[in-house]
Amino acid sequence: MNILAIDTSCDDTSIAISQDLNIIANVSWTKMKVHSDWGGVVPSEAKRQHIEFLEPAINEALKLSNLKIENIDYFAVTQGPGLAIALESGVDKAKELSLKYNKPLVPINHMVGHIYASLAKDENGKSLSDVNDFEFPLLAFAISGGHTSFYKMDSHLDITEIGYTLDDAVGEAFDKVGRMLGMGFPAGVYIEQAALKGNPDKYDFPKPMLHTKDFNFSFSGLKTAVLYAIRKIIGDYDKNAGKGVFKLEDASKLLTQEQINDIAASFQKAAIETIINKTRKAIIEYNPKVLVVGGGVIANMALRKALINLTDELGIKLSYPKPMWLCTDNASMVAIASYYYIKKGIVKTNAKEIEEIDRIPNKSNL
Ligand code: KG4
Ligand code: ZN
């Protein structure tokens, strides 16, 4: 069966076409340059982009897969969580197509998409991440710009959250620290590059929530500790900033490249140690056969290595999306997750239930 999936949860307009689990087209376009005060995406700009890009991106994906829209058997769309008005453009487009071509629609939770990303196969049916199927019970771990969550799964789509972040997500912490260090957005990859050249033991940053018994995270204290370390290096930043309004990224101009690299390396080390420690506890508690990881932060090589070591040590398997584009937001993961819903018959078929599909957060709740 042919599935056309849409993800407009943030700043990428992403369209994928799959034949079952085989990805035959993945088109992700973005032109986001306008960021909010801490370096995040401006929702209204994202919405404008999605409206402009959706139609041509769908046409491009159909062209790449040599299919006509009439050949699509199911439409799938990210319903949330994400930027509300950005999600809305994708949901509206999916509803329009599903009603027009009289094909079922599968609404997908973005985090379920991230969890399922490692099951994507290439057009010849070869796994893109050396993972053929999940084994249960498993522990899933979603690490992105919005989430740091553990889930336990006893079978496909049977997903129970067992831990989450109480404040910033880990990717958000990378982005905010990156901004303090004068890096572009999203900053995860720049932190990783700077960390390669820095001394991870230069600063002893806190590893929050290490000793709590739950599986929750908190990254805002770590972020604040980085801010204090920068202040300590550059002195009273209000004076350094002169008369103008002080912007956080200006602090980085007062740091040497060596200091930036050391802060990046020490921050990354603290973030990874925090993650590894909690993941170890969760594996010991839930005794899963596999740890399945998804989300933009698993693009980080140092974290991958630490998770490989941890799962080797504890004798369980590790699944994560290997290609970078499958880690960060993409519609392929939405197509993959929808395949499992379709197999279970969990799809919206009649016009009334399709029309009622709302983004999450719901429009009516705002
Ligand atoms: O999954 P994703 O693309 O979007 C969300 O659903 O949020 O994740 C984006 C996050 C950003 O915070 C970005 O900085 C982070 O993933 N990220 C990384 C790396 N590449 C992307 N964090 C650390 N190291 C990386 N190499
Ligand atoms: Zn995401």
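Conventions we followed
- Residues numbered from 1 in each chain as written.
- Chains lettered and ligands numbered in written order.
- Predicted model: local features only at pLDDT ≥ 70, side-chain atom pairs only at ≥ 80, totals over all residues.
- Heavy atoms only, no water.
- Helix = DSSP H or I, 4+ residues; strand = E, 2+ residues; numbered from the N terminus.
- Pairing = 2+ DSSP bridges.
- Axes fitted to C-alpha atoms, helices over the stretch in contact; angles between N-to-C directions.
- Phe/Tyr/Trp six-rings, centres within 6.5 Å; stacked < 30°, edge-to-face > 60°.
- Buried < 20%, exposed > 50% of the residue type's maximum accessible area, 1.4 Å probe, protein only.
- Core = buried A, V, L, I, M, F, W, Y, C linked by side-chain atoms within 4.5 Å.
- Contact = heavy atoms within 4.5 Å.
- 1 Å grid on protein atoms, 1.4 Å probe; cavity = no way out; pocket = protein on both sides within 12 Å on 5 of 7 lines; lining within 4 Å.
- Points joined across faces, edges and corners; volume = space filled by probe spheres on them.
- Nonpolar A, V, L, I, M, F, W, Y, C, P; charged D, E, K, R; others polar.
- Disulfide = S-S within 2.5 Å.

1. Side note on unusual backbone geometry
In step 1: In this structure, Pro81 follows Gly80 across a cis peptide bond, with omega equal to -5°.
In step 2: Relative to the helices and strands, Pro81 is located in the loop between strand E4 (74-80) and helix H2 (84-101).
In step 3: Geometrically, the link from Phe185 to Pro186 is a cis peptide bond, its omega value of -5° lying close to zero.
In step 4: The phi angle at Met209 is positive, at roughly 65°, despite the residue not being glycine.
In step 5: If you trace the backbone, Met209 turns up in the loop between helix H5 (188-197) and helix H6 (220-234).
In step 6: If you check the backbone angles, Asn287 has positive phi at about 50° while not being a glycine.

2. Considering the pairing of strand E8 (residues 159-163)
In step 1: Here strand E7 (residues 148-153) runs beside E8; their pairing, made up of 4 bridges, is antiparallel. What sits directly across from Phe150, in E8, is Gly163.

3. Details of the sheet that holds strand E6 (residues 138-143)
In step 1: Spatial strand order, E8-E7-E6-E9-E10: 5 strands in an open sheet with mixed pairing. Both edges of this open sheet fall to E8 and strand E10 (317-319), since each of them pairs with a single strand only. Within the sheet, the average angular offset between the axes of one strand and its neighbour, ignoring direction, is 25°.

4. Overview of the packing of aromatic side chains
The geometry of two aromatic rings is summed up by the distance between their centres and the angle between their planes.
In step 1: Tallying each qualifying case throughout the model produces 12 aromatic pairs.
In step 2: Measuring from ring centre to ring centre gives 4.3 Å for Phe141 and Phe150, while their planes differ by 20°; the resulting arrangement is stacked. Each of the two residues, Phe141 as well as Phe150, counts as buried.
In step 3: Clustering of aromatic rings is evident, with ring pairs tying together Tyr116, Phe134, Phe136, Tyr339 and Tyr340.

5. Let's talk about the nonpolar core
In step 1: Counting residues in hydrophobic clusters, the biggest one holds 52 residues, and the most contacted among them are Leu181, Ile191, Phe205, Ile230 and Phe267.
In step 2: Breaking this core down by element, the ones donating at least two residues are E6, helix H4 (170-180), H5, H6, helix H8 (257-286), strand E9 (290-294) and helix H9 (301-314).
In step 3: Here this core gets 11 residues from one element, more than from any other, and that element is H8.
In step 4: Dropping the residues within four chain positions of it, Ile191 is found in contact with Phe174, Val177, Gly178, Leu181, Met183, Ala264, Phe267 and Gln268.
In step 5: Listed in part, the 39 residues of the second largest apolar core include Ala76, Val131, Val334 and Ala335.

6. Overview of the layout of surface pockets
In step 1: Reported here for the largest pocket is a volume of approximately 1,200 Å³.
In step 2: If you trace the largest pocket, you find 42 residues lining it, with Ser144, Gly145, Asp175, Phe185 and Pro186 closest to the centre.
In step 3: No other element matches the 6 residues that H5 contributes to the lining of the largest pocket.
In step 4: Looking at the lining of the largest pocket, its residues break down into 18 nonpolar, 18 polar and 6 charged.
In step 5: If you add up the space inside the second largest pocket, you get close to 300 Å³.
In step 6: Together, 14 residues line the second largest pocket, and Pro200, Gln268, Lys269, Ile272 and Ala302 are the ones closest to its centre.
In step 7: Those elements that place two or more of their residues in the lining of the second largest pocket are H5, H8 and H9.
In step 8: With 5 residues, the top contributor of residues to the lining of the second largest pocket is H8.

7. With respect to the state of the cysteines
In step 1: Throughout the structure, instances matching the rule amount to 0 disulfides.
In step 2: You can see Cys10 has no disulfide; the closest cysteine sulfur is in Cys327, sitting 16 Å from it.

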